[in-house]
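# Inside the fold
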Amino acid sequence: MSDAELKKRLEEAGRRLGVREAEHASALEAARERAESLRERVAAAIDAFHEAASQSGAPQLRVEVSRARPDAKHLRSVEFDLQRGRHRAVVTVKSRGEVTLVGPFRSGKEEGPCRSFPMDAEPEISAALGDFLERFLDQAATP
């Protein structure tokens, strides 16, 4: 196959897949907005954790909160994660209207446990988010 034929073939695939995925654009944008909102809440809470840990004499207890990005596993989802060393937790927002809290787990190990909620279930998500973050921080700060 020549370079020109390859280019034409992939242009056609891009158009075909682009048309298919375009119908999901608004739901994916809603998922992105929800993920950004959750990420801001989590980052603010982690900043408070960092401050309290530092004031208590343990400034080494640092956790990274990633930017929101396209999900690595699900085409129509957005995710961000928390990481300290090999300890991870992931927040995934799916365009079908679901928020999933994954972990905590250790990198290289099977992900889980997972809890999923409807995207608009704010009281349930808020309640679960605290438990989720605290479990992650306890595991990530355990030698």
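Predicted model only: the values in this text are computed from it and were never measured. (Residues numbered from 1 in each chain as written. Predicted model: local features only at pLDDT ≥ 70, side-chain atom pairs only at ≥ 80, totals over all residues. Heavy atoms only, no water.)

Now for the packing of helix H2 (residues 25–55) against helix H3 (residues 122–140). Running from N to C, H2 and H3 point in directions that differ by 45°, and their axes come no closer than 12 Å. One finds that H2 runs oblique with respect to H3. The two elements H2 and H3 meet at a crossing, and its hand is right-handed. Across the interface between the two elements, Arg34, Leu38, Arg41, Val42, Ile46 and Phe49 from H2 touch Glu122, Ile125, Ser126, Leu129, Leu133 and Leu137 from H3. Residue classes in the contact of H2 with H3 are distributed as eight nonpolar, one polar and three charged. (Axes fitted to C-alpha atoms, helices over the stretch in contact; angles between N-to-C directions. Helix = DSSP H or I, 4+ residues; strand = E, 2+ residues; numbered from the N terminus. Parallel < 35°, antiparallel > 145°, perpendicular 65-115°, else oblique. Left-handed = near helix turned anticlockwise from the far one by under 90°. Contact = heavy atoms within 4.5 Å. Nonpolar A, V, L, I, M, F, W, Y, C, P; charged D, E, K, R; others polar.)

What follows is about H2. Here H2 spans 45 Å end to end across 31 residues, near enough to the 45 Å set by a 1.5 Å rise per residue. All buried positions along H2 are accounted for by Ala31, Arg34, Ala35, Leu38, Val42, Ala43, Ile46, His50 and Ala53. Elements in contact with the buried residues of H2: strand S1 (64–65), strand S3 (77–84), strand S4 (87–94), strand S5 (98–106) and H3. Gly57 occupies a position one or two residues after H2 and carries a positive phi of about 95°. (Expected span 1.5 Å × (residues − 1). Buried < 20%, exposed > 50% of the residue type's maximum accessible area, 1.4 Å probe, protein only.)

Since the α-helix turns once every 3.6 residues, residues separated by three or four places project in the same direction. End to end, H3 covers 26 Å across 19 residues, agreeing with the expected 27 Å (1.5 Å per residue, within 8%). For H3, every residue scored as buried is listed here: Ile125, Ala128, Leu129, Phe132, Leu133, Phe136, Leu137 and Ala140. Turning to H3, the residues buried within the fold contact H2, S3, S4, S5 and strand S6 (114–118).

Another aspect to go through is the pattern of salt bridges. Scanning all chains against the criterion turns up 10 salt bridges. Between Asp81 and Arg69 there is a salt bridge, with the nearest N and O atoms lying 3.6 Å from each other. In this pair, Asp81 is assigned in strand S3 and Arg69 in strand S2 (residues 69–70), connecting sequence segments 12 residues apart. Arg69 shares its class with Asp81; the two are buried. (Salt bridge = Lys/Arg side-chain N within 4 Å of Asp/Glu carboxyl O.)

Bringing the pairing of S5 into the picture now. The element S5 is extensively covered by neighbouring structure, given that seven of its nine residues are classed as buried. Relative to S5, S4 runs antiparallel, the two being bridged by seven bridges. The partner of Val91 across the bridge, within S5, is Leu101. Hairpin remark: S4 followed by S5, antiparallel, with three residues in the connecting loop; positive phi at Gly97, about 95°. Here S5 runs beside S6; their pairing, made up of five bridges, is antiparallel. Of the residues in S6, the one forming a bridge with Val102 is Cys114. (Pairing = 2+ DSSP bridges.)

At the junction of Gly103 and Pro104, the peptide bond is cis and its omega measures out at 10° in the coordinates. Looking at the secondary structure, you find Pro104 in strand S5.

Counting 26 residues, the largest nonpolar core has Leu38, Val42, Leu82, Val99, Leu101 and Phe132 as the members making the most contacts within it. Only H2, S3, S4, S5 and H3 provide two or more residues apiece to this core. When residues of this core are assigned to their parent elements, the largest contribution, eight residues, is made by H3. Every residue in contact with Leu82, bar those within four places of it in the chain, is listed here: Val42, Ile46, Val63, Glu64, Val65, His87, Arg88, Ala89, Phe132, Leu133 and Phe136. (Core = buried A, V, L, I, M, F, W, Y, C linked by side-chain atoms within 4.5 Å.)

In short, shape yes, function no, at least from these values alone.
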